[in-house]
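What follows is each chain in one-letter form.
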Amino acid sequence: MDIVIEKLEEKDFENLYTFEVENRPFFEKFVPSRGDDYYKPEVFKVKNKHLLDEQDQGLSLFYLIKDEHHSILGRINVVDIHYSNKNRTGSLGYRLAQACTGKGIAARALHLLLQTIVDSDIKEIHAKTTNNNTASQKVLEKNGFEHIETSDHEFEMNGQLLKFMNYKWIKK
């Protein structure tokens, strides 16, 4: 399957809303819930317009992962972009539809994202995942992210005690 990443635009909101609603139970197995309000169409639209404002200000980059038919397979973002030590840094986030996991799509999408930003002044990207999410750990490592630490702090999510694993990518 061929994939592309495209910057989030307002024209995508309706399809993105459907993607988020359909995959909510799956996503909430791995990340805390965004809350019921997020899934109200009017709230969803407002929140995503705020994301577009952030993107316009250069504070974040929001991409949709799409197939050759322009169906949304996932999202991949660099958020909280700021200057640190004279370089721009940001934090990575991504999520795939349940039907798209285990097919190498996340790794390819991350590769495309890193190629897309290669000419930007973003020099460092941080990422974190939970210690039970080995698939995400593999995606990060396959794309040159280095595991820098595992938190000592445990937290409970969905009945499991978990720790965050922190990763870093530095532009070469």
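If you're wondering where the values come from, they're calculated on a predicted model, not measured in any experiment.

Asks: So what's going on with the overall build of the chain? Residues and values would help.
Replies: A tally of helices and strands in the chain yields 4 helices and 9 strands. When the helices and strands of the chain are placed in sequence order, the string is β-α-α-β-β-β-α-β-α-β-β-β-β. In terms of overall size, the chain behaves like a compact globule, its C-alpha atoms giving a radius of gyration of 16 Å where 172 residues would be expected to give roughly 16 Å. Projecting the C-alpha coordinates of the chain onto the three principal axes gives extents of approximately 40 × 40 × 30 Å. In the chain, buried positions account for 42% of the 172 residues. Expressed as a percentage of contacts within the chain between residues at least 6 apart in sequence, the contacts between residues at least 24 apart total 61%. Carbon and sulfur atoms make up 49% of the accessible area of the chain, which amounts to about 10000 Å² in all. Side chains of the chain give 24 positive and 27 negative charges; the mean places of these two sets differ by 3 Å.

Asks: Explain helix H4 (residues 134-142) to me, and be specific about the residues and the numbers.
Replies: Within H4, the full set of buried residues consists of Ser136, Gln137, Val139 and Leu140. Viewed along the axis of H4, the buried residues span an arc of 160°, placing them on a single side of the element. Seen from the buried face of H4, the exposed residues on the opposite side, beyond 90 degrees, are Lys138 and Lys142. Considering only its buried residues, H4 is in contact with strand E4 (87-96), helix H3 (105-116), strand E5 (122-130) and strand E9 (164-170). One or two steps after H4, the chain reaches glycine 144, where phi turns positive at roughly 85°.

Asks: Tell me about H3, and name the residues and values.
Replies: A rise of 1.5 Å per residue sets the reference length of H3, with its 12 residues, at 16 Å; its end C-alpha atoms lie 16 Å apart and thus fit the reference within 8%. Where H3 is concerned, the buried positions are Ile105, Ala106, Ala107, Ala109, Leu110, Leu113 and Leu114.

Asks: Go over the packing of aromatic side chains, please, and point to the residues and values.
Replies: Counted by the stated rule, this structure contains 7 aromatic pairs. Between phenylalanine 19 and phenylalanine 27 the ring centres are 5.6 Å apart and the planes differ by 55°, which places this aromatic pair in the tilted class. According to the relative accessible area criterion, phenylalanine 19 is buried, its value standing at 4%. Given a relative accessible area of 5%, phenylalanine 27 falls into the buried group. On the basis of an interplanar angle of 50° and a centroid distance of 6.1 Å, the ring pair of phenylalanine 26 and phenylalanine 27 is categorised as tilted. With a relative accessible area of 12%, phenylalanine 26 lands in the buried category.

Asks: Give me the sheet that holds E9: which residues, what numbers.
Replies: Working definition: the strands of a sheet are paired by backbone hydrogen bonds and lie parallel or antiparallel to each other. Strand order in the open sheet made by the 7 strands is E1-E2-E3-E4-E5-E9-E6, with mixed pairing throughout. Two strands close off the open sheet at either side, each with one partner strand: strand E1 (3-7) and strand E6 (146-150). Between one strand and the next, the sheet's axes are offset by a mean angle of 25°, whatever the strand orientation. Each of E1, strand E2 (61-67) and strand E3 (72-84) touches helix H2 (residues 41-56); the most contacted strand, E2, lies at about 115° to it. This element, H3, spans E1, E2, E3, E4, E5 and E9 of the sheet and lies at about 50° to E1.

Asks: So, the nonpolar core: which residues are in play, and what are the values?
Replies: By size, the foremost hydrophobic cluster in this structure holds 44 residues, and its most contacted members are Ile65, Ile76, Leu92, Leu110, Leu113, Ile125 and Phe145. Residue contributions to this core peak at 7 residues, all from H3. Contacts of isoleucine 76, omitting those with residues within four sequence positions, involve Ile5, Leu61, Phe62, Tyr63, Ile65, Leu92, Gly93, Tyr94, Ala109, Leu110 and Leu113.

Asks: Mind laying out the environment of threonine 101, listing which residues take part and the relevant values?
Replies: Position of threonine 101 among the secondary structure elements: in the loop between E4 and H3. At 3.0 Å, the side chain of threonine 101 forms a polar contact with the backbone oxygen of glutamine 98.

Parameters at a glance
- Residues numbered from 1 in each chain as written.
- Predicted model: local features only at pLDDT ≥ 70, side-chain atom pairs only at ≥ 80, totals over all residues.
- Heavy atoms only, no water.
- Helix = DSSP H or I, 4+ residues; strand = E, 2+ residues; numbered from the N terminus.
- Rg over C-alpha atoms; globule rule 2.2 N^0.38 Å.
- Buried < 20%, exposed > 50% of the residue type's maximum accessible area, 1.4 Å probe, protein only.
- Contact = heavy atoms within 4.5 Å.
- Areas by Shrake-Rupley, 256 points an atom, 1.4 Å probe, with all protein chains shown as cover.
- Lys, Arg positive; Asp, Glu negative; His and termini not counted.
- Charge placed at Lys NZ, Arg CZ, Asp CG, Glu CD.
- Arc of directions from axis to C-beta.
- Expected span 1.5 Å × (residues − 1).
- Phe/Tyr/Trp six-rings, centres within 6.5 Å; stacked < 30°, edge-to-face > 60°.
- Pairing = 2+ DSSP bridges.
- Axes fitted to C-alpha atoms, helices over the stretch in contact; angles between N-to-C directions.
- Core = buried A, V, L, I, M, F, W, Y, C linked by side-chain atoms within 4.5 Å.
- Polar contact = N/O pair within 3.5 Å; in protein donor to acceptor, adjacent residues only side chain to side chain.

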